[in-house]
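Letter by letter, the chains look like this.
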Amino acid sequence: MDKISIIVPIYNGALTIEKCINSILNQTYKNFEILAINDGSTDGTLQLLYKLQKLDNRIKIYTKQNGGVSSARNLGLEKATGDYIEFMDCDDELKPEMFEKLLNAIKTSNADLAICNFENNPMFKSYLTNKVYDLKNQYDVIEFSQETFGITTPWNKLFKKDAIKNLRFNESISFTEDEIFNLASFKYVKKIVTISDSLYIYNFGNQFDNNSSSCIEKIVGANSFWKDKKTIWHLTEIYTDTRKKVILDALKEGYLCVESPDELAYYRMFDFLLWGLVSYTYLKTSKEGLIEVVKSILFEPPFIKSVEVQNKFGVSLNPFDNHTNDKIENLIDLLIKTNDDNISDKEFKMIYAFYMIFTKLFLNINESLDTHNVNLVVKIYKELEKNTSKEAKYVNKILK
């Protein structure tokens, strides 16, 4: 029976670790080990872990000097004895059937990696469908790369250990280190299966808290972060060359198929502007701050290039003119309204609404070029033009 190793890095997680560990112990699939990596906690975390270990010997505790989440995950990878690897944050939870369903998806599709959706609030959800992606197919790669939480996070995933046994998290990177790890895995992962079930519960805070473990909340909590170019987008852009390097390594191996490292790397840069705006709007960043965030990114050469790599699918940036600043303010007003409307429909895709508003104001789409229908911007534009989705109907209404 295949064994799963769950790696949980923990730094001062006394308030959440019991609920986290119990959600693992309640899995319907029982053959697993929990690698609890105590990363120099000072709040009683270690005592709670020993208490839990007495109740279940599948919990293995490793204590190290505080070195950050990447070093903790790397220690977990060294100690793991399972056939499969799952990463988990210490303030999150799993639904009981997560391991069973992800393992079944891997077995059924002969994939190296299985990914599920996650949930907690309407602003931070993923929208994966039931699909198998072959990384030897460039259109599969492009489509999958636009699934932000397909690539960005480590924790809604089950990896075959053999596919990542030679990989480690880059401990010198302080932001998007998990995305770099996932991109590096493309050197060994040949096939990815995604399932639509929401099986991971991501506990993102409701407001900025100085004690929060969320890197996004810490960014937004900094004074004038947009003026200092410490936005999610700018912090991600710093590692563009690192991102391109790991993509190039994967291309050399022969499994990953895209035209160039630039193509895949810059697809990601476009995506981070929109998801950054989702985060900032949800966390009630001031209107002034949101306007400055967009102004600080929209004219940057890397962002312009992120649109240019999508030209082959008919996506282009409208020329900047005297009305651009008015459009930016209009964009922010509409995004704030979308967030403040408190849409109760759980199936409403908030990020799609944000994409539609941005596309309508700043992009030109020649949809006849999107012959493979894999570009997310074009897909969402078609929904908006044909008014065929809940998000399109909402956006068309507020745009009037």
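To start, this report covers the structure provided alongside it.

The rules we used
Residues numbered from 1 in each chain as written. Predicted model: local features only at pLDDT ≥ 70, side-chain atom pairs only at ≥ 80, totals over all residues. Heavy atoms only, no water. Helix = DSSP H or I, 4+ residues; strand = E, 2+ residues; numbered from the N terminus. Rg over C-alpha atoms; globule rule 2.2 N^0.38 Å. Buried < 20%, exposed > 50% of the residue type's maximum accessible area, 1.4 Å probe, protein only. Contact = heavy atoms within 4.5 Å. Lys, Arg positive; Asp, Glu negative; His and termini not counted. Charge placed at Lys NZ, Arg CZ, Asp CG, Glu CD. Phe/Tyr/Trp six-rings, centres within 6.5 Å; stacked < 30°, edge-to-face > 60°. Lys NZ or Arg CZ within 6 Å of the ring centre and 35° of its normal. Salt bridge = Lys/Arg side-chain N within 4 Å of Asp/Glu carboxyl O. Pairing = 2+ DSSP bridges. Expected span 1.5 Å × (residues − 1). Arc of directions from axis to C-beta. Polar contact = N/O pair within 3.5 Å; in protein donor to acceptor, adjacent residues only side chain to side chain. Axes fitted to C-alpha atoms, helices over the stretch in contact; angles between N-to-C directions. Parallel < 35°, antiparallel > 145°, perpendicular 65-115°, else oblique. Left-handed = near helix turned anticlockwise from the far one by under 90°. Nonpolar A, V, L, I, M, F, W, Y, C, P; charged D, E, K, R; others polar.

### So, the overall build of the protein chain
- On a plain count of helices and strands, the protein chain comes out with 18 helices and eleven strands.
- For the protein chain, the C-alpha radius of gyration of 21 Å lies close to 21 Å, the compact-globule estimate for 400 residues.
- Per-residue burial over the protein chain gives 57% buried out of 400 residues.
- Long-range pairs, those at least 24 residues apart, make up 79% of the contacts in the protein chain with a sequence separation of at least 6.
- The averaged location of the 55 negative side-chain charges in the protein chain is 3 Å from the averaged location of its 50 positive side-chain charges.

### Describing the packing of aromatic side chains
- Applying the stated criterion to the full structure yields 24 aromatic pairs.
- When the centroid spacing of 4.8 Å and the interplanar angle of 20° are considered together, the rings of Trp-155 and Tyr-202 count as stacked. On the criterion of sequence distance, the pair formed by Trp-155 in the loop between helix 6 (148-151) and strand 8 (157-160) and Tyr-202 in the loop between strand 9 (191-201) and helix 9 (215-221) is long-range, its members being 47 residues apart. Side by side, Trp-155 and Tyr-202 carry an identical accessibility label, which is buried.
- With centroids separated by 6.0 Å and ring planes inclined at 75°, the aromatic side chains of Phe-270 and Phe-358 adopt a geometry described as edge-to-face. Taken together, the residues Phe-270 in helix 12 (residues 261-282) and Phe-358 in helix 16 (residues 350-362) connect sequence positions 88 residues apart.
- Linked through ring pairs, Phe-118, Phe-149, Trp-155, Tyr-200, Tyr-202 and Trp-275 together constitute an aromatic cluster.
- Directly above the ring of Phe-169 sits Arg-73, whose terminal nitrogen or CZ lies 5.3 Å from the centroid.

### A closer look at the pattern of salt bridges
- Taken as a whole and assessed by the stated rule, the structure comprises 28 salt bridges.
- With a closest N to O distance of 3.6 Å, Lys-245 and Asp-249 form a salt bridge. With Lys-245 and Asp-249 both in helix 11 (residues 240-253) and four residues apart, this pair spans about one turn of that helix.
- The exposure class assigned to Lys-245 is exposed, which follows from its relative accessible area of 54%.

### Some points on helix 1 (residues 17-25)
- All of the buried residues along helix 1 are Ile-17, Cys-20, Ile-21, Ser-23, Ile-24 and Leu-25.
- Considering only its buried residues, helix 1 is in contact with strand 1 (4-10), strand 2 (32-39), helix 2 (45-55), strand 3 (59-64), strand 5 (93-94) and helix 4 (98-109).

### Description of the pairing of strand 9
- In terms of residue burial, strand 9 counts as a mostly covered element, since eight of its eleven residues are buried.
- In this sheet, strand 9 lies alongside strand 5 in antiparallel orientation, the contact comprising two bridges. Bridge pairing links Glu-93 to Ile-201 in strand 9.
- Bridging between strand 6 (residues 113-119) and strand 9 involves seven bridges; their strand directions are parallel. Opposite Phe-118, over in strand 9, you have Tyr-200 as the bridge partner.
- Pairing geometry for strand 7 (residues 131-134) and strand 9, over four bridges, is antiparallel. When the bridges of strand 9 are listed, Asp-134 appears paired with Lys-191.

### A look at helix 11
- Spanning 14 residues, helix 11 covers 20 Å between terminal C-alpha atoms, matching the ideal 20 Å at 1.5 Å per step.
- Among the residues of helix 11, those classed as buried are Thr-240, Arg-243, Lys-244, Val-246, Ile-247 and Ala-250. Down the axis of helix 11, the smallest arc covering the buried residues is 165°, so these residues share one side. Turned more than 90 degrees off the buried face of helix 11, the exposed positions are Asp-241, Lys-245 and Lys-252.
- Summarising the contacts, the buried residues of helix 11 are in contact with helix 8 (177-185), helix 10 (232-237) and helix 12.

### Considering the environment of Asp-2
- Topologically, Asp-2 is positioned in the segment before strand 1.
- Here Asp-2 falls in the partly exposed class, since its relative accessible area comes to 22%.
- Once the C-alpha coordinates of Asp-2 and Phe-32 are considered, the two residues, 30 residues apart in sequence, prove to be 8.5 Å apart.
- Filtering out sequence-adjacent residues up to four positions away, Asp-2 remains in contact with Tyr-29, Asn-31, Asp-83, Tyr-84 and Lys-107.
- For Asp-2, the side chain forms a polar contact with the side chain of Lys-107, separated by 2.3 Å.

### Digging into the packing of helix 12 against helix 13 (residues 287-298)
- Here helix 12 crosses helix 13 at 165°, and the two axes come no closer than 11 Å. Of the possible angle classes, the one that applies to helix 12 and helix 13 is roughly antiparallel. Classified by chirality, the crossing of helix 13 by helix 12 is right-handed. Within the contact between the two elements, helix 12 uses Leu-273, Leu-277, Tyr-280 and Thr-281 and helix 13 uses Leu-290, Val-293, Val-294 and Ile-297.
- When the residues that make up the contact of helix 12 with helix 13 are grouped by side-chain class, the tally is seven nonpolar, one polar and no charged.

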